[in-house]
Amino acid sequence: MSISTETIKLEIHALDVLSRGNSRIHRIDARIQLFVTVVFVLSVMSMSRYDIIALFPFFIYITAIIAIGGLPVISLIKKALLMSPFAIMIGIFNPFFDKTPYLNVYGLNITGGWLSFISIILRFFLTVEAGLILISVTGMYRICKALRQLGLPEVFVTQILFLYRYLFVLIEEGTGMIRAKELRVFNKRQNNLKLFGRMAGSLFLRTFNRAQRIYQAMVARGYKGEIKMLENSKINSVDIMYGIGWTMFFLAVRFYNIPVLMGSAVLKVFQ
Amino acid sequence: MSHHIVEARNLSYTYPDGTRVLKDISFKITHGESVAVVGANGAGKSTLLLHLNGYLSSSKGEVLIGDYQINKDTIQNIRRTVGMVFQNPDDQLFMPTVFDDVAFGPLNLGFSKQEVEERVNRSLEIVGALKLKDRPPYKLSGGEKRAVSIATVLSMSPDILVMDEPTSNLDPKSRRSLIGLLKKFEHTKIIATHDLDMALDLCERTIIIHEGKITADGLTENLFRDKELLFENSLEIPLRLQACPVCG
Ligand SMILES: Nc1ncnc2c1ncn2[C@@H]1O[C@H](COP(=O)(O)OP(=O)(O)OP(=O)(O)O)[C@@H](O)[C@H]1O
Ligand SMILES: [Mg+2]
């Protein structure tokens, strides 16, 4: 348990470090990247619940950004897998409730429930990857700056930035507490719910205190609630082309089942 | 530059939960002085330091930096003048890389890109951490973190350095090199610490706080030789001033 939380922390931190890279993707304005990611996520999420094949073109986006941005593929996949229990929890009951036969593959009936289960997993994976990629090429600080430039109120953006920072604080404090507990609990039966409740309470307080100290350190260095960056990037024509290009692609994939269209086109050629 | 004076006048502070921490604290620290603030755990040292850059402010008493009282109009200038290094470097370093962290202060002060980069390089150079520039802070050793924490403050070119337990968690060698570094600074220094040997090395003057009150304020050497005074304040004579038990 303690090892895995430690890894999550280091790995998400590592994402932020990646964002200092200097590929062509990294140089795209953060607002455009944010916009593209939002359109991507909305397109993926609004696909029909039984779609599986139609989702595949979305992987082109993920693959392209990873390739051009020089991002570490394996660690990005691992991070999404770490979070996959959530997706499985959401989708696991579908196969039990939705038993309408949908497809018949070699005599095996595949129910709608199973299809939607797989679709949920795929859509979850795509969405999480898109988010991780956004942080990897933009960095949370630049994303927040972009939100600010897009006109979101300062209080709101500061909240997001702090929430993100506090996530680490929470993981850090939590790791420390779990370690301390494991070293002192000898009798497994002591490991009960009451202890867990007390630990959660004190974890909250510790996180709060720690967060307050970080805030003190920021204020001490002139932080006034405004996010300042070394460079204020401007949106240029390349950025706009990038945004329009992907948006059109996502909309096409959303409204036309491209793999099926391509399949039937190929069939027509051969007939 | 005689205006780098830090003065507290009848300062009292009570935390919102009712804990009375500071009771009628008064002192005056003049330009270029190095002052140690010592006292037992919970004596109120950290709370006192938080008043010096206006993070906390009391209804009773006041703090003056130079000729300015700390208030809404002066606070931004005062935060530039008073560089504050916190007890735990993990609280001080919150950006993805060392560079970003050291640049945070100068950016908030509104310097140009070139000026910010120069300041970052210069401050990292001073603390000997220039090669760590692109590293993420959470991967540094304790000593390196401390050095970078100091750089994050130096980059704002403060006149007054306020530090909360700078030598805690350092191994003997890092501690030595930190003391060497601080000795070179010509800033006015206010250092809260449990490391009385360091206080002896760095600060001519010491203020002892006990349960929120100043119980002694004077030459470090004199105070630290006064066994009774130290005992009353839950402190001990620093090793260097203790009579050698072997040679008598
Ligand atoms: N945020 C807070 N709310 C309420 N009480 C606090 C708060 N912070 C500190 N205190 C209390 O104020 C007193 C002084 O704390 P402070 O941190 O100033 O002591 P210190 O001298 O720095 O101690 P140490 O040597 O352990 O760092 C303590 O009794 C502490 O419990
Ligand atoms: Mg303290």
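Structure first, text after, so check above.
All figures in this text were calculated on a predicted structure; none of them were measured in a lab.

> Sorry, what's going on with the overall build of chain A here?
Across its full length, chain A holds eleven helices and two strands. Along its sequence from the N terminus, chain A presents helices and strands in the succession α-α-α-α-α-β-β-α-α-α-α-α-α. Projecting the C-alpha coordinates of chain A onto the three principal axes gives extents of approximately 70 × 55 × 30 Å. Here chain A holds 271 residues, and 43% of them are scored as buried. Sequence-distant contacts in chain A: of pairs separated by 6 or more residues, those separated by 24 or more amount to 80%.

> Hey, could you run me through the site of ligand 1 in this one?
Residue and element names in this part refer to chain B. Within the structure, ligand 1 sits among 15 residues, and Asn 41, Lys 45, Ser 46, Thr 47 and His 194 are positioned closest to it. Within the side chain of Tyr 15, one N or O atom sits 3.3 Å away from a nitrogen atom of ligand 1. Take Thr 47: an N or O atom from its side chain is 2.5 Å from an oxygen atom of ligand 1. For ligand 1, whose accessible area on its own is 640 Å², the fraction buried by protein is 65%. Mapping ligand 1 onto the cavity grids shows that it belongs to the second largest pocket.

> I tried to follow the interface of chain A and chain B on my own but got confused; where do I start?
Frequently, the measure chosen for interface size is the accessible area that the parts lose on association. Facing the 27 residues of chain A at the interface are 29 residues of chain B. Buried area between chain A and chain B, both sides added, is near 2800 Å², and the carbon and sulfur share of it is 61%. Linking chain A with chain B are two salt bridges, by the criterion used here. The residue Asp 91 of chain B makes a salt bridge to Arg 213 of chain A at a minimum N-O spacing of 2.7 Å. Looking at the side of chain A that touches chain B, the elements that each hand over two or more residues are helix 1 (2–18) and helix 9 (193–220) of chain A.

> Is there a simple way to explain the environment of Thr 37 of chain A in this structure?
Residue and element names in this part refer to chain A. For Thr 37, the position within the fold is in helix 2 (residues 30–45). Sequence spacing of Thr 37 and Trp 246 is 209 residues, and the spatial spacing of their C-alpha atoms is 9.4 Å. Beyond its immediate sequence surroundings of up to four residues, Thr 37 is in contact with Tyr 61, Ala 130 and Leu 134. Among the polar contacts made by the side chain of Thr 37, one reaches the main-chain carbonyl oxygen of Gln 33 at a distance of 2.7 Å.

> I'm lost on the layout of surface pockets in this one. Help?
Once rolled over the atoms, a probe with the size of a water molecule shows which space is left empty. Here the largest pocket defines a volume of roughly 960 Å³. The wall of the largest pocket is formed by 41 residues, among which Ser 19, His 26, Arg 142, Met 229 and Glu 231 of chain A lie closest to the centre. The set of elements that each furnish at least two residues to the lining of the largest pocket consists of helix 2, helix 7 (140–149) and helix 10 (237–255) of chain A together with helix 4 (98–108) of chain B. Sort the elements by how many residues they give to the lining of the largest pocket and helix 7 of chain A lands first, with six residues. Here the residues of the lining of the largest pocket sort into 17 nonpolar, ten polar and 14 charged. Put simply, the second largest pocket is a space of about 750 Å³.

Rules of the game
Residues numbered from 1 in each chain as written. Chains lettered and ligands numbered in written order. Predicted model: local features only at pLDDT ≥ 70, side-chain atom pairs only at ≥ 80, totals over all residues. Heavy atoms only, no water. Helix = DSSP H or I, 4+ residues; strand = E, 2+ residues; numbered from the N terminus. Buried < 20%, exposed > 50% of the residue type's maximum accessible area, 1.4 Å probe, protein only. Contact = heavy atoms within 4.5 Å. Near = heavy atom within 4 Å. Polar contact = N/O pair within 3.5 Å; in protein donor to acceptor, adjacent residues only side chain to side chain. Areas by Shrake-Rupley, 256 points an atom, 1.4 Å probe, with all protein chains shown as cover. 1 Å grid on protein atoms, 1.4 Å probe; cavity = no way out; pocket = protein on both sides within 12 Å on 5 of 7 lines; lining within 4 Å. Sits in = over half its atoms within 2 Å of the grid points. Buried area = accessible area lost by both parts, 1.4 Å probe. Salt bridge = Lys/Arg side-chain N within 4 Å of Asp/Glu carboxyl O. Points joined across faces, edges and corners; volume = space filled by probe spheres on them. Nonpolar A, V, L, I, M, F, W, Y, C, P; charged D, E, K, R; others polar.

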